[in-house]
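Analysis of the macromolecular model
Single-letter residue listing:
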Amino acid sequence: MSNPSVDSLAVKTLSYAYGNKAALKDIDFSIGPGECTILLGPNGAGKSTLFSLITHLYNSRDGQILINGWDIKKQSCAALAHLGVVFQQTTLDMDLSVLQNLHYHASLHGMTRRQATARIQEELERQGMLERQNEKVRQLNGGHRRRVEIARALLHKPSLLLLDEPTVGLDVSSRKGIVEHVHALCENDNLSVLWATHLIDEIHPSDQLIVLHQGAIKAQGSVSEVCNGRSADDISQTFQQLTQAKAS
Amino acid sequence: MRLGHGVIALKGIIKRELWRFLRQRERFIAALVRPLVWLFVFAAGFRSTLGIAIIPPYETYILYEVYIAAGLIGMIQLFNGMQSSLSMVYDREMGSMKTLLISPLPRWFLLMGKLLAGTSVSILQAYVFLLIAWFYDIQAPLLGYVTLFPALVLAGLMLGALGMLLSSFIKQLENFAGVMNFVIFPMFFMSTALYPLWKIKESSELLHTLASYNPFSQAVELIRFALYGQFNSYAFVYTLAAFIVFMAVAVWGYNPSKGMMVKKGGGPR
């Protein structure tokens, strides 16, 4: 669970390169408990690379990432215990049932059978997926798979939830449902969220915003802070202005 | 890492592998059909042309089918190791490998868990094969079926670690055909699975040398001796050493600062 005096996520002077090609340059930001931060950037901006570094799938020599105060490089197990992730691509096992997928995840987080069963029931109920728990994932549609993935990411009660373009390929109502649900989690459960997207309509007025373009942060702050002082009418135009400008 | 957490996670990883295996009935059948075809067709055909002298652990003249049985158990484990490696490449492409790697457990532990899970599946396959072979009159001493178990664990771990090592270096699923041609077949045919070393020596010194250094040969010999209640210390040490080397390289291959995901896009600076 989150510690109110510590940022759920702190990224400090983080850089990363593929060979000679810089993917991220001096990234600096933090997310406080209960904050929903939208990481907005066009395709190729470096969002997925940043997610891979936060989840420790990649390792960077430059900079630091702290999850709930734990350094991802030095205390990776403690840091990852506070993290829930929904990747862009479905990472469920198609041949297993919803229940089997969730039990597998619970065991990786060291939950006993009894704890896991209770948490699975709770999360599936919250997602409206309880009656589908015995179905094979292959039989579910995209929206339902996403709901299962969100339930799975929350099973171990993380303090930080990462979502990497979770609504890609979903219909309008599924998208809306997921956006509302995640925002409700921030408000009601004090969950911190980092949501990567390139879709403007997924942003709520209360969200924090980070605009990433060509591996660098172009703007960050609340929605109004990012828009203020620019000759743009709304966030959509601001985003266009920021991402059309050449990287310095 | 808490011990309790490790045990729960390990059970979870093994259980998932068994669920997957049992759900994929074609895989279960294919894994059995392959060695059975070799036993019923290949071995039967070669019975008259290949005479086997009395060599340890056998105490009498044996039929070729009896000799080849240990090699076919090795084959089951070799193919299972490669199948696990293939599914790891697939999992990586499909993303489900990520869910394992972002668990709050040390990377070496997660890979070891995956390896133990794959080995459990191969042991299950091996015993089903032996049960069918029993009715084909290939019968080892009853105690042999017990002493075989630890040998299957070590051989399965070694061959699984080899598969894992390969999976950390294979970038795409399509490249897996190359592994079949350049790893599985040479390993299988240049080994003692189908013919004893002295027989290979009669044909070619080079092949004999390659076969004797082939870790798969040693795994097969470990299995062969264990099935007859005997312990082949040389094969044990050789297989154990090969396992340690393969596992160390596989863990290195999955290291995030060097690892498999970095290679897909480049490397850290």
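Residues numbered from 1 in each chain as written. Chains lettered and ligands numbered in written order. Predicted model: local features only at pLDDT ≥ 70, side-chain atom pairs only at ≥ 80, totals over all residues. Heavy atoms only, no water.

1. Examining the overall build of chain A
Within chain A, the secondary structure is distributed over 8 helices and 10 strands. A principal-axis box enclosing the C-alpha atoms of chain A has dimensions of 55 × 40 × 35 Å. Put simply, chain A has 248 residues, and 58% of those count as buried. One way to put it: in chain A the 24 positive side-chain charges average out to a point 6 Å from where the 26 negative ones average out. (Helix = DSSP H or I, 4+ residues; strand = E, 2+ residues; numbered from the N terminus. Buried < 20%, exposed > 50% of the residue type's maximum accessible area, 1.4 Å probe, protein only. Lys, Arg positive; Asp, Glu negative; His and termini not counted. Charge placed at Lys NZ, Arg CZ, Asp CG, Glu CD.)

2. Describing the confidence of the model for chain B
Residues and elements named next belong to chain B. Looking at chain B, pLDDT values average 85 and 90% of them are 70 or higher. Element-level pLDDT for chain B is lowest in helix 12 (residues 260-265), with a mean of 47, against a maximum mean of 96 in helix 10 (residues 215-227). Reported confidence for the predicted complex is 0.82 by ipTM and 0.82 by pTM. (pLDDT = per-residue confidence, 0-100.)

3. Observations concerning a nonpolar patch on the surface
A cluster of nonpolar side chains, contributed by Ile-29, Val-33, Val-37, Phe-40 and Val-41 of chain B, occupies part of the molecular surface with about 420 Å² of accessible area. Within the secondary structure, Ile-29 of chain B sits in helix 2 (residues 25-46). (Patch = residues over 30% accessible without salt bridge, like charges linked within 9 Å, V, L, I, M, F, W, Y side chains within 5 Å. Areas by Shrake-Rupley, 256 points an atom, 1.4 Å probe, with all protein chains shown as cover. Salt bridge = Lys/Arg side-chain N within 4 Å of Asp/Glu carboxyl O.)

4. With respect to the pattern of salt bridges
This structure, assessed with the given rule, holds 15 salt bridges over all chains. Where Arg-20 of chain B meets Asp-93 of chain A, a salt bridge forms, and the shortest distance between an N and an O atom there is 2.9 Å. Here Asp-93 of chain A lies in the loop between strand 6 (83-86) and helix 3 (98-108) and Arg-20 of chain B lies in helix 1 (residues 3-23), a pairing that spans two chains. Since its relative accessible area comes to 7%, Arg-20 of chain B is described here as buried. Residue classification places Asp-93 of chain A among the buried residues on the basis of a relative accessible area of 5%. Asp-95 of chain A serves as the salt-bridge partner of Arg-138 of chain A, at 2.9 Å between the closest nitrogen and oxygen. One end of the pair, Arg-138 of chain A, is in the loop between helix 4 (113-126) and helix 5 (142-154); the other, Asp-95 of chain A, is in the loop between strand 6 and helix 3, and 43 residues separate them in sequence. Among the charged side chains, a network of salt bridges with common partners joins Arg-119, Glu-122, Glu-123, Arg-126 and Asp-189 of chain A.

5. Notes on unusual backbone geometry
Residues and elements named next belong to chain A. Unusually for a residue other than glycine, Thr-13 sits at a positive phi of about 35 degrees. With respect to the helices, strands and loops of the structure, Thr-13 is situated in strand 1 (residues 9-18). Residue Asp-26 is not a glycine yet carries a positive backbone phi of 45 degrees. With respect to the helices and strands, the residue Asp-26 is situated in strand 2 (residues 21-31).

6. As for the packing of aromatic side chains
Geometry of an aromatic ring pair is reported as the spacing of the ring centres plus the angle between the planes. Enumeration according to the criterion identifies 17 aromatic pairs over all chains in this entry. Summarising the aromatic geometry, the rings of Trp-38 of chain B and Phe-42 of chain B are spaced 4.6 Å apart at their centres and angled 50 degrees between planes, so their arrangement reads as tilted. Placement of the pair is Trp-38 of chain B and Phe-42 of chain B together in helix 2, with a separation of 4 residues, close to one helical turn. Here the aromatic rings of Tyr-58 of chain B and Tyr-67 of chain B are separated by 6.4 Å at their centres, their planes lie at 55 degrees, and the arrangement is tilted. With relative accessibility at 1%, the residue Tyr-67 of chain B sits in the buried group. Three or more aromatic residues link up through ring pairs in this structure, and these residues are Trp-38, Phe-42, Tyr-64, Phe-185, Phe-188, Phe-189 and Phe-216 of chain B. Its end group placed over the ring of Tyr-104 of chain A, Arg-16 of chain B keeps NZ or CZ at 4.9 Å from the ring centre. (Phe/Tyr/Trp six-rings, centres within 6.5 Å; stacked < 30°, edge-to-face > 60°. Lys NZ or Arg CZ within 6 Å of the ring centre and 35° of its normal.)

7. Notes on the interface of chain B and chain A
Taken together, the 36 residues of chain B in the interface contact 36 residues of chain A. Around 3300 Å² of area is buried between chain B and chain A when both sides are counted, 59% of it from carbon and sulfur atoms. At the boundary of chain B and chain A, one finds 2 salt bridges. Summed over the shared surface of chain B and chain A, the result is 6 residue pairs in polar contact (both at pLDDT 80 or more). Secondary structure elements with two or more residues in the side of chain B that touches chain A: helix 1, helix 3 (64-94), helix 4 (96-101), helix 5 (107-135) and helix 12 of chain B. When residues in the side of chain B that touches chain A are grouped by element, the largest group, 10 residues, is from helix 1 of chain B. When grouped by side-chain class, the residues that make up the side of chain B that touches chain A number 16 nonpolar, 11 polar and 9 charged. (Contact = heavy atoms within 4.5 Å. Buried area = accessible area lost by both parts, 1.4 Å probe. Polar contact = N/O pair within 3.5 Å; in protein donor to acceptor, adjacent residues only side chain to side chain. Nonpolar A, V, L, I, M, F, W, Y, C, P; charged D, E, K, R; others polar.)

8. Some remarks on the pairing of strand 7 (residues 160-164) of chain A
Residues and elements named next belong to chain A. Among the 5 residues in strand 7, 5 count as buried, and that is most of the element. Burial of strand 7 is two-sided: the residues Leu-160, Leu-162 and Asp-164 facing one way and the residues Leu-161 and Leu-163 facing the other way are all buried. Relative to strand 7, strand 6 runs parallel, the two being bridged by 4 bridges. In the sheet register, Leu-83 faces strand 7, and the bridge partner there is Leu-160. Pairing analysis gives 5 bridges linking strand 7 to strand 8 (residues 192-197), with the strands arranged parallel. Within the sheet, the bridge partner assigned to Asp-164 lies in strand 8 and is Ala-196. Between the parallel elements strand 7 and strand 8, the chain passes through helix 6 (residues 172-189) in a crossover that is right-handed. (Pairing = 2+ DSSP bridges. Right-handed = clockwise from strand over helix to strand, strands pointing away.)

9. Details of the sheet that holds strand 9 (residues 208-213) of chain A
Residue and element names in this part refer to chain A. Taken together, 6 strands build an open sheet; the order of strands is 6-7-8-3-9-10 and the sheet is mixed. In the strand order of this sheet, the two ends are held by strand 6 and strand 10 (216-222), each with one partner. Across the sheet, the mean angle separating the axes of adjacent strands is 15 degrees when strand polarity is ignored. In the packing of helix 8 (residues 235-244) onto the sheet, contacts are made with strand 3 (36-40), strand 9 and strand 10, and the angle to strand 9 comes to roughly 30 degrees. (Axes fitted to C-alpha atoms, helices over the stretch in contact; angles between N-to-C directions.)

10. Overview of helix 1 of chain B
All names here are of chain B. For helix 1, which comprises 21 residues, the first-to-last C-alpha distance of 30 Å matches the rise-based estimate of 30 Å (1.5 Å per residue) to within 8%. Of all the residues in helix 1, the buried ones are His-5, Gly-6, Ala-9, Gly-12, Ile-13, Arg-16, Glu-17, Arg-20 and Phe-21. Seen from one end, helix 1 has its buried residues packed into an arc of 165 degrees, which puts them on one side. Exposed residues on helix 1 whose side chains face more than 90 degrees from its buried face are Leu-3, Lys-11 and Leu-22. (Expected span 1.5 Å × (residues − 1). Arc of directions from axis to C-beta.)

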